[in-house]
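Residue-level listing of the chains:
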Amino acid sequence: MNDKSKYGRVLRFVSHYWLMFPVLFATLVVTRVASTLIDVAVPLASGAVVDAVIASSPDQPQAAYRALAWFIGLGAAFALARQLVAFLVNRMSARAMVAIGRDAFAKVQRFSADWHANAFAGSTVRKITRGMTAYDSFTDTVAFGLLPAFVVVVGVSATFWWRWPLLGLIVAVAIVIFLVVTVALSVLYVRPANVASREWDSKMSGVLADSITGNQAVKSFAAEGREDRLFLDVARNWEWRAIRSWDRSAISGIVQSVMLVGLQIAMLGTGLALWSAGQASPGDLTSLIATQFLINGYLRDIGQHVRTIQRTVNDMDDVLEFRDAQLQIADGPEAKDIDIANGRIEFDRVTFRYSGASKAIYEDFSLVIPAGQRVGLVGHSGAGKSTFVKLIQRLYNLDGGRILIDGQDVANVTQKSLRRAIGLVPQDPVLFHRSLAQNIAYARTDSTQEEIEEAARLAHVDLFVQGLNKGYETLVGERGVKLSGGERQRVAIARAILAATPILVLDEATSSLDSVSELYIRQAIDRLSKGRTTIVVAHRLSTIRRLDRILVFDKGRIVEDGRHDELMGKSGGVYRHLLETQMSAGEIEAAAE
Ligand code: ADP
């Protein structure tokens, strides 16, 4: 995207959030413009004091005091108005940041599973928070930097133009030259160095984060020294770029100072000439000197402001990408909630290919799972078992065919109702860093404590809760790290028990569980799956003997379909071969009985 349309897009985005609070925004602009105009009038009032003193005599000083009162009054009014602006900006910015965060979060949450699989969680989080703070800096820079500078330049030039057209012209031209040179320096000279330095700054953080999170590996290879050197290498690269960037800022500051001195000479020289021609009073000269300070104050940081605007425009880019992105999987305009009475699942000539994959996983694939049947999916890793389940949940759109549940196409119902009808016990359940009770109740937040404990009992969660110091109120750690894999899966089963969905999907843990955990999980699953259409993705094959039907997958096709004993009876069959490679001879004999 070119820079112009990028700036236009950001401006539309920012103004959308400004105008979300129209009264606040209008008050802010009016107050800011008024406060700056008062500031422009202060130097004029200082000149009036001098003129009044010269015109008055010591025994009749009233006019001088009046002028002084004006001078002080204007100064105080300016200070007050400025603070009012700060209060207004505080409110508007915090509210708008909440709105930006809320909108971006809402959108990102609804992006497809595919999108999330391809994005780094940490970097998505950073993009959202960076967008929020960038909006804040952008608004501050406009409210406290650019808008007042503009008002001062116009106000001062207009005032002078009105009194002494020549001086007005000189000041306007000098300021335009100053602005053009400053902006050019900032954009073409300082910013590239800044960008390079910041890039290495991120690399430095990256190295730190990578090494510190990988500390276990660093320790086990006694590689601390190596990591020290790696960091130092990157830090040195940052060092000279940082110096260059800071130096360029300083050089740019010197050029600006020289230009400001030039402006001073032009203004005050013209002022003196006007005075000697009898067109300006000593008070006018005082006003000129004071105005000179005023202009310096407002223009000194203009280069910095321009760079801030450039940086924040870039920082808002990602949030804008989120905002403008189409949802990859969206509900149709006519989508209704799904209505499941029995839970019959049908794949009708389904074709599906992952984006980026060269070949379709499923091609013209048809299958019926009758209501209430308990089906096990087996096959080598990569055979398409998890994909099968994801398609039922409509985490992806099909390239052809339909998936029907009780006759309703999953593509035509709301995603919310569909996913609420499918209970999922994943391979590696994700728990939130919240209490155990909250984690269990995640499926149904209105569950009572009794219901939660009953579900926990059925899923054998109660057995390890006794060992936790705060029982059901114990926080489980980020992603549930404080629980073992088997315990996490039991929590997930308790969730599914509470959800009481007509369809159940169980993705067995691939890593081996201790035999007690495994027994508990098996019992809980048996109980849970009774009377529900159940799909078990079986990685370990030891749990599926009691299921009604086993589907053996190979490269997206079903190569065997039957009960355990039927498939075991086929000598040279794929299922039998899979079992043989996984189990010892004794286990096979037991399984064949
Ligand atoms: P299984 O569950 O049987 O191990 P999967 O259904 O997970 O198999 O995967 C089937 C095939 O699809 C594999 O070759 C896998 O590499 C590929 N695959 C899985 N997920 C994705 C994805 N998000 N993007 C692209 N390819 C994928």
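Here the structure is a predicted model, which means the values were calculated and not measured.

*Asks:* I keep staring at the overall build of the chain and nothing clicks. Help me out?
*Replies:* A count of helical and extended segments in the chain gives 20 helices and 10 strands. Expected size for 593 residues packed as a compact globule is a radius of gyration near 25 Å; at 36 Å, the chain overshoots this value by more than 25%. Taken along the three principal axes of its C-alpha coordinates, the chain extends 120 × 55 × 50 Å. Entry remark: accessible area of the chain is about 30800 Å², with carbon and sulfur atoms responsible for 59%. Of note, the chain has its 65 positive side-chain charges centred 4 Å away from the centre of its 60 negative side-chain charges.

*Asks:* Would you mind showing me how to read helix α8 (residues 224–276) here?
*Replies:* Given 3.6 residues per turn, any residue in an α-helix points the same way as the ones three and four places further on. A rise of 1.5 Å per residue sets the reference length of α8, with its 53 residues, at 78 Å; its end C-alpha atoms lie 76 Å apart and thus fit the reference within 8%. At the exit of α8 stands Gly-278, carrying a positive phi of roughly 80 degrees.

*Asks:* Explain the pattern of salt bridges here, please?
*Replies:* Charged atoms that come close allow side chains of opposite charge to pair. Tallied over the entire structure, the rule returns 18 salt bridges. Notably, a salt bridge pairs Arg-344 with Glu-346, separated by 3.1 Å at the nearest N-O pair. Note that Arg-402 and Asp-348 form a salt bridge whose closest N and O atoms lie 3.1 Å from each other. Of this pair, Arg-402 sits in strand β4 (residues 400–405) while Asp-348 sits in strand β1 (residues 345–352), placing them 54 residues apart in sequence. Taking the relative accessible area as the measure of exposure, Arg-402 reaches 38% and is therefore partly exposed. What you see here is one network of salt bridges that share partners, running through Arg-9, Asp-317, Glu-321, Arg-323 and Asp-324.

*Asks:* Quick question: what am I supposed to make of empty space enclosed by the protein here?
*Replies:* One simple way to see leftover space: roll a probe sized like a water molecule over the atoms. Tallied over the entire structure, the rule returns 3 cavities of 30 Å³ or more. Size it by volume and the largest cavity reaches roughly 110 Å³. In terms of lining residues, the largest cavity is bounded by Arg-374, Leu-506, Glu-508, Arg-522, Ile-525, Asp-526, Ser-529, Val-536, Thr-543, Ile-544, Arg-546 and Leu-547. No other element matches the 4 residues that helix α17 (residues 515–529) contributes to the lining of the largest cavity. Of the residues that constitute the lining of the largest cavity, the class distribution is 5 nonpolar, 2 polar and 5 charged.

*Asks:* Help me out: how do you make sense of the sheet that holds strand β10 (residues 557–562) in this one?
*Replies:* Strand-to-strand pairing in sheets goes through backbone hydrogen bonds, with the strands running parallel or antiparallel. One open sheet holds the 6 strands; their spatial order is β6-β7-β8-β3-β9-β10, and the pairing between them is mixed. With one partner strand each, in any of the chains shown, β6 (422–425) and β10 form the two edges of the open sheet. Taking the axes of each pair of neighbouring strands and ignoring which way they run, one obtains an average angle of 20 degrees across the sheet. As paired strands, strand β3 (residues 374–378) and strand β9 (residues 549–554) are joined by 4 bridges and run parallel to one another. Its bridge partner lying in β9, Gly-376 is registered against Ile-550. Where helix α11 (residues 385–392) meets the sheet, its contacts fall on β3, β6, β7 (503–507), β8 (533–537) and β9, and the angle it forms with β8 comes to roughly 145 degrees. Set on the sheet, α17 makes contact with β3, β7 and β8; between it and β7 the angle comes to about 160 degrees.

*Asks:* How should the pairing of β10 be read in this particular structure?
*Replies:* Regular strands have side chains that alternate between both faces of the sheet. Where β9 and β10 come together, 5 bridges link them in antiparallel fashion. If you follow Leu-551 over to β10, its bridge partner there is Asp-561.

*Asks:* Looking at this model, I keep getting lost on the environment of Glu-227. Mind explaining?
*Replies:* Relative to the assigned elements, Glu-227 resides in helix α8. C-alpha of Glu-227 to C-alpha of Phe-388: the two residues are 161 residues apart in sequence and 44 Å apart in space. Aside from chain neighbours lying at most four places away, what touches Glu-227 is Ser-211 and Val-218.

*Asks:* In this structure, what is going on with the site of the ligand? I would like to understand it.
*Replies:* Close contacts around the ligand come from Asp-114, Tyr-354, Ile-361, His-380, Ser-381, Gly-382, Ala-383, Gly-384, Lys-385, Ser-386, Thr-387 and Tyr-396, and that covers them all. Note that an oxygen atom of the ligand is positioned 3.1 Å from one of the backbone N or O atoms of Ala-383. Separating an oxygen atom of the ligand from a side-chain N or O atom of Thr-387 is a distance of 2.4 Å. Protein contact buries 63% of the 560 Å² of open area that the ligand shows by itself. Residue contributions to the shell around the ligand peak at 3 residues, all from α11. Each residue belonging to the shell around the ligand can be placed in one class, and the counts come to 4 nonpolar, 6 polar and 2 charged.

*Asks:* Just checking my understanding: could you explain a nonpolar patch on the surface for this structure?
*Replies:* On the surface, Trp-161, Leu-169, Val-173 and Ile-177 cluster together into a nonpolar patch covering about 410 Å² of accessible area. The biggest single contributor to the nonpolar patch is helix α6 (residues 165–213), with 3 residues. Relative to the helices and strands, Ile-177 resides in helix α6.

*Asks:* Just checking my understanding: could you explain the packing of α6 against helix α9 (residues 282–299) for this structure?
*Replies:* Helix-helix packing is characterised by the crossing angle of the two axes and by the distance between the axes. As a packed pair, α6 and α9 sit with axes 13 Å apart at the nearest point and diverge in direction by 20 degrees. Accordingly, the angle class assigned to the pair α6 and α9 is roughly parallel. For the pair α6 and α9, the crossing hand works out as right-handed. Contacts from Leu-167, Val-171, Ile-175, Phe-178 and Leu-179 in α6 reach Leu-288, Ile-295 and Leu-299 in α9. Of the residues assigned to the contact of α6 with α9, the class counts are 8 nonpolar, no polar and no charged.

Rules behind the numbers
The numbers attached to residues start from 1 for each chain and follow its sequence in the written order. Local features in this predicted model are restricted to residues of pLDDT 70 or higher, and side-chain atom pairs are both shown and tallied only at a pLDDT of 80 or more, whereas totals for entire chains, interfaces and linings draw on every residue. Side-chain descriptors were evaluated using all non-hydrogen atoms of the structure, hydrogens and water having been removed beforehand. Secondary structure elements follow DSSP: runs of H or I of four or more residues count as helices, runs of E of two or more count as strands, with numbering from the N terminus. Both definitions apply: the radius of gyration is a C-alpha atom measure, and the globule rule equals 2.2 Å times residues to the power 0.38. Per-residue and other accessible areas were derived by the Shrake-Rupley procedure at a 1.4 Å probe size, with only the shown protein chains allowed to occlude residues. Charge assignment: positive for Lys and Arg, negative for Asp and Glu; neither His nor the chain ends contribute. Think of each charge as sitting on NZ of Lys, CZ of Arg, CG of Asp or CD of Glu. By this rule the span expected of a helix is its residue count minus one, scaled by 1.5 Å. One side-chain nitrogen of Lys or Arg within 4 Å of one carboxyl oxygen of Asp or Glu is enough to make a salt bridge. Each residue gets one of three labels from its accessible area relative to the maximum for its type: buried under 20%, exposed over 50%, partly exposed in between, using a 1.4 Å probe on protein chains only. Here a cavity denotes grid points, spaced 1 Å and computed from the protein atoms alone, that fit a 1.4 Å probe unable to get out, and a pocket denotes an open set having protein on both sides within 12 Å along at least 5 of 7 lines; residues with an atom within 4 Å of a point are the lining. Grid points are joined across faces, edges and corners, and a volume is the space filled by probe spheres set on the points. Under the scheme applied, nonpolar residues are Ala, Val, Leu, Ile, Met, Phe, Trp, Tyr, Cys and Pro; charged residues are Asp, Glu, Lys and Arg; polar residues are all the others, including Gly. Each pair of strands is called paired provided DSSP finds at least two bridges between the two strands. Axes here mean lines fitted to C-alpha atoms, for a helix over just the part in contact, with angles spanning 0 to 180 degrees between N-to-C directions. Here, residues are in contact when the closest pair of their heavy atoms is within 4.5 Å. The nearness test applies per residue and asks whether one of its heavy atoms lies within 4 Å of the molecule or strand. For this analysis, a polar contact is any N or O atom pair within 3.5 Å, provided that within protein one partner can donate a hydrogen and the other can accept it, and provided that sequence-adjacent residues contribute only side-chain to side-chain pairs. Residues form patches when they are more than 30% accessible in relative terms and have no salt bridge. Like charges link within 9 Å. Nonpolar side chains (Val, Leu, Ile, Met, Phe, Trp, Tyr) link within 5 Å. Any angle from 65 to 115 degrees is called roughly perpendicular, while one under 35 is roughly parallel, one over 145 is roughly antiparallel, and all others are oblique. Two helices cross in a left-handed way if the nearer one is turned anticlockwise from the farther one by less than a right angle. They cross in a right-handed way if the turn is clockwise.

That's the geometry; what it means functionally is another story.
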